[in-house]
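# Notes for the structure review
Okay, here's what each chain looks like letter by letter:
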Amino acid sequence: MRLPTSAHTSRPWRVHEITKDFDVEDVWGLPTPGGPDDLPRLVQWFTSRGDDDLPIVLRGLFALRWKLGGLFGWDRSGSGVGNRVHSLRARLPADLLEAPRGPDVRAVPGRAEAHGPAVFSSLYQTHDEWAAELSNKTVHAVLHLGWVPDDVGSGYHAQMAVLVKPNGRLGRAYMAAIRPFRYALVYPLLLRAIGRSWQTRVRRRRCATAAR
């Protein structure tokens, strides 16, 4: 479910401390019901998943994006974090720098290099937050997962936000061009796939617990 920007900005996330010059592009509630301590499990799954659980349409769209990136040079190594832009880890306060960093995202839908350099590099992970960054020729982006209580107070679920700093006119034009595809196809299909996969993992975990 798509959420208003305030669903992200109104919460006391630590990511606000390092993204004051970024725009909140998207905020979504994820269909990942769980308990108060389930964020690490979600992050581990989220950062290690591949294409298997995704609809073929979505896989095709991601593959097309990477092909276009290769054609126009959007994803060249010189445009990444540490090259075109400095890592946001340089902005982290001491307590987050000393805490566990969290896993990087390497297996990205539609991209063959599942074990190559990180695509989203983890910035930090806490009990209820995980943030990672990506940079290419078009944008510097932050992916944020927060673990929030349900409205009825009986459980928890994940909330995903995407924050961006477009790279000049090219970046703004790119974000505007892909916006209709994100809202009409990418996010609806992705959220349904995440929900199915998460529920499958929950059932398997319950069965394993019951069998002990």
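Right above here is the structure, for reference.
Quantities reported herein were computed from a predicted structural model and do not represent experimental measurements.

### Description of the layout of surface pockets
Taken as a whole, the largest pocket spans an internal volume of roughly 1,000 Å³. In this structure, the largest pocket is lined by 36 residues; those nearest its centre are F62, R65, Y174, I178 and R182. A total of nine residues in the lining of the largest pocket trace back to one element, the largest contributor, which is helix α5 (residues 168–210). Residue composition of the lining of the largest pocket, by class: 29 nonpolar, two polar and five charged.

### Points about the packing of aromatic side chains
Enumeration over the complete set of coordinates arrives at five aromatic pairs. Each ring, one from W45 and one from F46, has its centre 6.3 Å from the other, and the planes form 70 degrees; the classification is edge-to-face. For the pair formed by W45 and F46, the shared burial category is buried. Seen from their ring centres, F46 and W130 are 6.2 Å apart, and the 65 degrees between their planes marks the pair as edge-to-face. Here F46 is found in helix α2 (residues 39–48), whereas its partner W130 is found in strand β3 (residues 129–135), with 84 residues between them in sequence. When its relative accessible area of 0% is taken as the criterion, W130 is described as buried. Taken together through their ring pairs, the aromatic side chains of W28, Y183 and Y187 make up a single cluster. For the cation-ring pair, R2 lies above Y183, with the distance from its terminal atom to the ring centre recorded as 4.1 Å. Sitting above the plane of the Y183 ring, R182 keeps its charged end 5.3 Å from the centroid.

So, how was this worked out
Residues numbered from 1 in each chain as written. Predicted model: local features only at pLDDT ≥ 70, side-chain atom pairs only at ≥ 80, totals over all residues. Heavy atoms only, no water. 1 Å grid on protein atoms, 1.4 Å probe; cavity = no way out; pocket = protein on both sides within 12 Å on 5 of 7 lines; lining within 4 Å. Points joined across faces, edges and corners; volume = space filled by probe spheres on them. Helix = DSSP H or I, 4+ residues; strand = E, 2+ residues; numbered from the N terminus. Nonpolar A, V, L, I, M, F, W, Y, C, P; charged D, E, K, R; others polar. Phe/Tyr/Trp six-rings, centres within 6.5 Å; stacked < 30°, edge-to-face > 60°. Buried < 20%, exposed > 50% of the residue type's maximum accessible area, 1.4 Å probe, protein only. Lys NZ or Arg CZ within 6 Å of the ring centre and 35° of its normal.

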